[in-house]
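# Report on the structure
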Amino acid sequence: MTVLVTGSRGAVARRLTALLRERGLAVRAASRQPEGPDVVPCDLTEPATFASALKGVTSVFLYAEPSCADAFAEEAAAAGVEHVVLLSSSSVLAPDAADNPMARSHLDAETALEAAPFRTTFLRPGAFAANALAWSWSLRAGRPVSLPYPGSHSDPIHEADVAGAALAVLTDPALGGRPYVLTGPQSLTFAEQIGILSRATGRDVPVREVGREEWKKEMADYMPPGFADCLLDWWRAHDGVPVELTRCVEQLTGRPARSFAAWARDHAADFAG
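Residues numbered from 1 in each chain as written. Predicted model: local features only at pLDDT ≥ 70, side-chain atom pairs only at ≥ 80, totals over all residues. Heavy atoms only, no water.

### Focus: the packing of helix α3 (residues 69-78) against helix α4 (residues 101-114)
Convention followed: To get an axis, fit a line to the C-alpha atoms, keeping to the stretch in contact for a helix; angles then go from 0 to 180 degrees between the N-to-C directions. A run of H or I in DSSP counts as a helix once it spans at least four residues, and a run of E counts as a strand once it spans at least two, with each numbered from the N terminus. Orientation is classified from the angle alone, with under 35 degrees giving roughly parallel, over 145 giving roughly antiparallel, 65 to 115 giving roughly perpendicular, and any other angle giving oblique. Left-handed is the label given to a crossing in which the near helix is rotated counterclockwise from the far helix by less than a right angle, and right-handed is the label when the rotation is clockwise. Residue contacts are counted whenever heavy atoms from the two residues lie within 4.5 Å of one another.
Look at α3 against α4: their axes get within 8 Å of each other, and the N-to-C directions meet at 30°. Classified by the interaxial angle, the pair formed by α3 and α4 is roughly parallel. Our pair here, α3 against α4, has a crossing hand that is right-handed. Contacts between α3 and α4 involve Ala 69, Asp 70 and Ala 73 from the former and Ala 109, Ala 112 and Leu 113 from the latter.

### Side note on the packing of aromatic side chains
Two measures describe an aromatic ring pair: the distance that separates the ring centres and the angle between the ring planes. Note the cut-off: Ring pairs are drawn from Phe, Tyr and Trp, using the six-membered ring of Trp, whenever the two centres fall within 6.5 Å, and their geometry is named by plane angle: stacked under 30 degrees, edge-to-face over 60, tilted for the rest. Relative accessible area decides the class of each residue, using a 1.4 Å probe on protein chains only: under 20% of the type maximum gives buried, over 50% gives exposed, and in between gives partly exposed.
The final tally for this structure, using the stated rule, is eight aromatic pairs. Between the aromatic rings of Phe 190 and Trp 235, the centroid separation amounts to 5.2 Å while the plane-to-plane angle is 85°, which identifies the pairing as edge-to-face. On the criterion of sequence distance, the pair formed by Phe 190 in helix α7 (residues 190-201) and Trp 235 in helix α9 (residues 225-237) is long-range, its members being 45 residues apart. Exposure class is identical for Phe 190 and Trp 235. Each is buried. For the ring pair Trp 215 and Trp 235, a centre distance of 5.1 Å and an interplane angle of 75° mean the geometry is edge-to-face. Within this pair, whereas Trp 215 is found in helix α8 (residues 212-218), its partner Trp 235 is found in helix α9, the two being separated by 20 residues in sequence.

### Some thoughts on the environment of Gly 211
As for its position among the elements, Gly 211 is in the loop between β11 (207-209) and α8. Residues Gly 211 and Leu 147, spaced 64 residues apart in sequence, show a C-alpha to C-alpha distance of 8.2 Å.

Next up, the structure:
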């Protein structure tokens, strides 16, 4: 068994690569910008890089890049790949997923793989706990965190739990071939997450409540307006409304999902400065 891990510089992929190697499994780490002799080139937007990365591979951990997902599926099938695990998103389950830029990219990637002859497993996390790293920019600059909906709920999941779930479905044939919605163990508001970060870092985390348009202006250099509107609509819909949680992490890994407090302790240094 040889596993190709795409996007090897990503947080989930790095942890998954380490877990696979701890199991003594053959791993081929791949990246758009490979660094070091153990990483091969594979740009998910450049089909010319697919064949060499896939040669001799039996399983793939794949990030969702819809632009060339059909070509990747064709190359994977030609290479004899037996199983592809896609890091998708629970946003694909929304009624408006096909019209929502947050969900569409993942939905298109899923659709491309569904037509392929190999087995596919879709891991659909909700909100990554690592989204909170966006707040570190403000803190290091000495500015308060801007929140348009402080009371909006999400289900922050530790990247280590996503990697653990991927390991489980890659190494146990009985678990693959189906979708899994992955969540953290708690539905937390942004305000609650800020409080947890404050306790974990031992520093005050000031918050400034802002309107939609002001927040969009602050994010204009980092996020297209259409994506920002979809994100704001999602937060508004969950303002004061807890999100539904699953036990898929525990079912796949045999241990409860890590709390946001655990993630905050693991990443406390990222908020220093």
